[in-house]
Every structure is written in structure tokens, then in C-alpha cells.
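Structure assessment
Okay, here's what each chain looks like letter by letter:
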Amino acid sequence: MSAGHATEAAVLSRAGLAAIAVSNGDARAALSTSQNAMDGLGQLEGYYDIRIEPYVWNIRARSLLLAGEEPEAARALARKARDAASVYYAPDAPPFSEAEERLRNIPARASLR
């Protein structure tokens, strides 16, 4: 943190830890570290690579889905990440296609019950 504000590197580190937790199936760690990344994202000031936002949102969505919590919040974050990626990346770029695929693979509300 710099002067009480999160740095881009710190947010990326937290998001990376959350991604590792998701890939290891550790829902508790994924929820905690992805929330830390989201909190840090909200504290970033000044110039930073805007593409960090969809990266963090996608990881938070994956964490929520892994934990089986807030599927609608996960869907909203995945949609937000996909929409941002569509602005920041070409349609055939991996970050955009992965965000699109992730959103497509979130079960519909009716099938979550």
C-alpha cells in the first residue's frame, strides 16, 4: 500500500493468490483473497492498467461460484468483466474469449436451485 492506498501490484498479487486458491478448490481462501483484491481495486488511485479490473472481477466471480455463494453476484461480476474486456481487448483475444466463456458457463438462475 502506498500512503494508505492499494498499489496495482498488491491488487494483482491478491487476485493471483485467489486464482491459485480457486484452482486448488479452496473456496475459503478464494473468497477471502478475492475480496481483498476487490477491496484493493476500490482503493487504487492515479494511473494504473485498467485491464486489472476485469481480471479481478473474473476471479471474484469464480471464487463465489466455487463457494456456491451469491450466484447472481457472480453472474453480475462475470458480465461486468466480459463487458469491460470487450472494450479493452480484441474479440479473439484470450481475456475476452475467456470472460465470454465464463459467463456462458454460469448456470441460469433456475438451474441453481
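Residues numbered from 1 in each chain as written. Predicted model: local features only at pLDDT ≥ 70, side-chain atom pairs only at ≥ 80, totals over all residues. Heavy atoms only, no water.

**Some details on the overall build of the protein chain**
From N to C terminus, the protein chain includes 5 helices and 0 strands. Reading the protein chain from its N terminus to its C terminus gives the helix and strand order α-α-α-α-α. In terms of C-alpha radius of gyration, the protein chain reaches 14 Å, essentially the compact-globule figure of 13 Å for 113 residues. Each principal axis of the C-alpha atoms in the protein chain carries an extent, and together these give about 45 × 35 × 20 Å. By the burial criterion, 35% of the 113 residues in the protein chain qualify as buried. With 13 positive and 14 negative side-chain charges, the protein chain shows a separation of 6 Å between the mean positions of the two kinds. (Helix = DSSP H or I, 4+ residues; strand = E, 2+ residues; numbered from the N terminus. Rg over C-alpha atoms; globule rule 2.2 N^0.38 Å. Buried < 20%, exposed > 50% of the residue type's maximum accessible area, 1.4 Å probe, protein only. Lys, Arg positive; Asp, Glu negative; His and termini not counted. Charge placed at Lys NZ, Arg CZ, Asp CG, Glu CD.)

**A closer look at the layout of surface pockets**
Of the volumes computed, that of the largest pocket is approximately 240 Å³. P54, Y55, N58, P95 and E98 are the residues nearest the centre of the largest pocket, which is lined by 15 residues in total. The leading source of residues in the lining of the largest pocket is helix α3 (residues 52-67), at 6 residues. Here the residues of the lining of the largest pocket sort into 9 nonpolar, 1 polar and 5 charged. (1 Å grid on protein atoms, 1.4 Å probe; cavity = no way out; pocket = protein on both sides within 12 Å on 5 of 7 lines; lining within 4 Å. Points joined across faces, edges and corners; volume = space filled by probe spheres on them. Nonpolar A, V, L, I, M, F, W, Y, C, P; charged D, E, K, R; others polar.)

**Digging into the environment of Q35**
As for its position among the elements, Q35 is in helix α2 (residues 27-43). Taking the C-alpha atoms as reference, Q35 lies 8.8 Å from A15; in sequence the two are 20 residues apart.

**Here we look at unusual backbone geometry**
You will see that E70, though not glycine, has its phi angle at about 45 degrees, which is positive. Along the chain, the position of E70 falls in the loop between α3 and α4 (71-88).

**Considerations on helix α1 (residues 8-23)**
Taking 1.5 Å of rise per residue, 16 residues should cover 22 Å, and α1 covers 22 Å from first to last C-alpha, within 8% of that figure. On its buried face, α1 sits against α2 and α3. Trailing α1 by a residue or two, G25 shows a phi angle of about 75 degrees, which is positive. (Expected span 1.5 Å × (residues − 1). Contact = heavy atoms within 4.5 Å.)

**A few points about the nonpolar core**
V11, L41, L44, I52, V56 and W57 are the most contacted members of the largest nonpolar core, which has 22 residues in total. By residue number, the principal contributor to this core is α3, which donates 6 residues. (Core = buried A, V, L, I, M, F, W, Y, C linked by side-chain atoms within 4.5 Å.)

**Examining the environment of R79**
Among the secondary structure elements, R79 is positioned in helix α4. A residue is classified by how much of its surface remains accessible, and R79, at 35% relative accessible area, is partly exposed. With 58 residues separating them along the chain, R79 and A21 place their C-alpha atoms 22 Å apart.

**A closer look at the confidence of the model for the protein chain**
In this model, the protein chain carries a mean pLDDT of 89, and residues with pLDDT of at least 70 account for 92%. Of all secondary-structure elements in the protein chain, the lowest mean pLDDT belongs to helix α5 (residues 94-104), at 86, while α1 reaches the highest, 97. (pLDDT = per-residue confidence, 0-100.)

**Looking at the pattern of salt bridges**
Tallying each qualifying case throughout the model produces 5 salt bridges. Note that D83 is salt-bridged to R82, the shortest N-O span being 2.8 Å. A residue is classified by how much of its surface remains accessible, and D83, at 36% relative accessible area, is partly exposed. Residue E101 pairs with R104 through a salt bridge whose shortest N-O separation is 3.0 Å. (Salt bridge = Lys/Arg side-chain N within 4 Å of Asp/Glu carboxyl O.)

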